[in-house]
Amino acid sequence: MNLLWRTIWHFLFARTTPSVGPFGVVSSSFRVLPSDLDLYGHMNNGRYLSISDVARFDLIKRRGVWPEMRRRGWYPVIASSTISYRKSLNAWQKYQIESRFLGHDARNVFIEQRWVVDGEIYARLVIRSRFLARGGGHAPMDQLAELWGVEPGSFELPEWLTGWTKDGALPSAKGVAPNEWD
């Protein structure tokens, strides 16, 4: 597991932090470590994605749904993501990752994460996630939404998010997806 010690730290730390509502923002604190740097001396672009996993876990813990998800054998996987970088993070720099649930559709859960330093956005990630069941298949979205505390019809996904989902989708894993370049 990548970033094992950071994951353990946030798992233990999240137990003492207050819970948030379904659409509340969870702020997770980090510092750029030397092992996060690339050859240019700033945080490696791939490290943003790895550390975002830790912050999403913090979101799930702080939302208070982790124990029940574990009991039911549900776990998240990333179906797609897009990240935009604005400023570099440098060695030893402190930053926050602010994570929030944007909503869901019939199969997907959407989460936004922002890297913030002194109130300024340095990077932004949007993910489309699916929750799978250890026994096979997907976690039922209605049960997942109920567990998360989201009332049906209490939100509407932004149009850009539904378009992004449609435009970036690959064929189902059960279908054929030949590797052909145009």
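Look above for the structure.
What counts, and at which threshold
Residues numbered from 1 in each chain as written. Predicted model: local features only at pLDDT ≥ 70, side-chain atom pairs only at ≥ 80, totals over all residues. Heavy atoms only, no water. Helix = DSSP H or I, 4+ residues; strand = E, 2+ residues; numbered from the N terminus. Rg over C-alpha atoms; globule rule 2.2 N^0.38 Å. Buried < 20%, exposed > 50% of the residue type's maximum accessible area, 1.4 Å probe, protein only. Areas by Shrake-Rupley, 256 points an atom, 1.4 Å probe, with all protein chains shown as cover. Lys, Arg positive; Asp, Glu negative; His and termini not counted. Charge placed at Lys NZ, Arg CZ, Asp CG, Glu CD. Pairing = 2+ DSSP bridges. Axes fitted to C-alpha atoms, helices over the stretch in contact; angles between N-to-C directions. Contact = heavy atoms within 4.5 Å. Arc of directions from axis to C-beta. Salt bridge = Lys/Arg side-chain N within 4 Å of Asp/Glu carboxyl O. Core = buried A, V, L, I, M, F, W, Y, C linked by side-chain atoms within 4.5 Å.

Helices and strands together make up the secondary structure of the protein, namely 5 helices and 5 strands. Starting at the N terminus and ending at the C terminus, the protein contains elements arranged as α-β-α-α-β-β-β-β-α-α. Relative to its length of 182 residues, the protein is compact, with a C-alpha radius of gyration of 17 Å against a globular reference of 16 Å. With respect to the principal axes defined by its C-alpha atoms, the protein has extents near 50 × 40 × 30 Å. Looking at the protein as a whole, 38% of its 182 residues are labelled buried. If you sum the accessible surface of the protein, you get close to 11000 Å²; carbon and sulfur atoms cover 54% of it. Positive and negative side-chain charges of the protein, numbering 23 and 18 respectively, have mean locations separated by a distance of 7 Å.

The next point concerns the sheet that holds strand β1 (residues 26-31). Spatially, 5 strands are ordered β1-β3-β4-β5-β2 in an open sheet, and the strand pairing comes out antiparallel. If you trace the sheet from one side to the other, it starts and ends with β1 and β2 (74-85), each paired once. Going across the sheet, the axis of each strand differs from the next one's by a mean of 25 degrees, ignoring polarity. Note that strand β4 (residues 109-117) and strand β5 (residues 120-133) share 9 bridges and pair antiparallel. Bridging from a neighbouring strand, V116 pairs with I121 of β5. This element, helix α2 (residues 45-63), spans β1, β2, β3 (94-104), β4 and β5 of the sheet and lies at about 140 degrees to β1.

Next up on the list: helix α5 (residues 159-168). Buried within α5 are the following residues: L161, W164 and T165. Buried residues of α5, seen end-on, are gathered within an arc of 100 degrees and therefore sit on one face of the element. Set apart from the buried face of α5 by more than 90 degrees, the exposed residues are E159, K166 and D167. If you follow the buried residues of α5, they end up packed against β2, β3, β4 and β5.

Moving on to the pattern of salt bridges. Proximity of charged atoms lets side chains of opposite charge pair with each other. For the structure on display, the rule yields 9 salt bridges. A salt bridge links E120 to K87, with the shortest nitrogen-to-oxygen separation between them at 3.0 Å. Taken together, the positions of E120 in strand β5 and K87 in the loop between β2 and β3 put the pair 33 residues apart, joining distant regions of the chain. With a relative accessible area of 27%, E120 lands in the partly exposed category. Taking relative accessible area as the criterion, K87 reaches 35% and is therefore assigned partly exposed.

Our focus in this paragraph is the nonpolar core. Soluble globular proteins tend to bury their nonpolar side chains together. Ranked by size, the top nonpolar core spans 37 residues in total, and within it M43, L89, Y95 and W115 carry the most contacts. Elements that contribute at least two residues to this core include exactly β1, α2, α3 (66-72), β3, β4, β5 and α4 (141-148). For this core, the element with the most residues is α2, which contributes 7 residues. Core analysis: the next-biggest nonpolar cluster, separate from the first, contains 6 residues, F110, V126, L161 and W164 among them.

What follows deals with the pairing of β5. Here β2 pairs with β5 via 11 bridges, running antiparallel. Across the sheet, S84 pairs through a bridge with R124, a residue of β5. Connecting β4 to the next strand, β5, in antiparallel fashion are 2 residues, including D118 with a positive phi near 50 degrees.

Along the polypeptide, G119 turns up in the loop between β4 and β5. Here the alpha-carbon distance between G119 and Q96, two residues 23 residues apart in the chain, equals 9.2 Å.

Attention now goes to the environment of V65. With respect to the helices and strands, V65 occurs in the loop between α2 and α3. Exposure remark for V65: the relative accessible area of 1% places this residue in the buried category. Counting along the chain gives 46 residues from V65 to S19, while the straight-line C-alpha distance between them is 10.0 Å. Those residues in contact with V65 that sit more than four places away from it in its chain are I60, L147 and W148.

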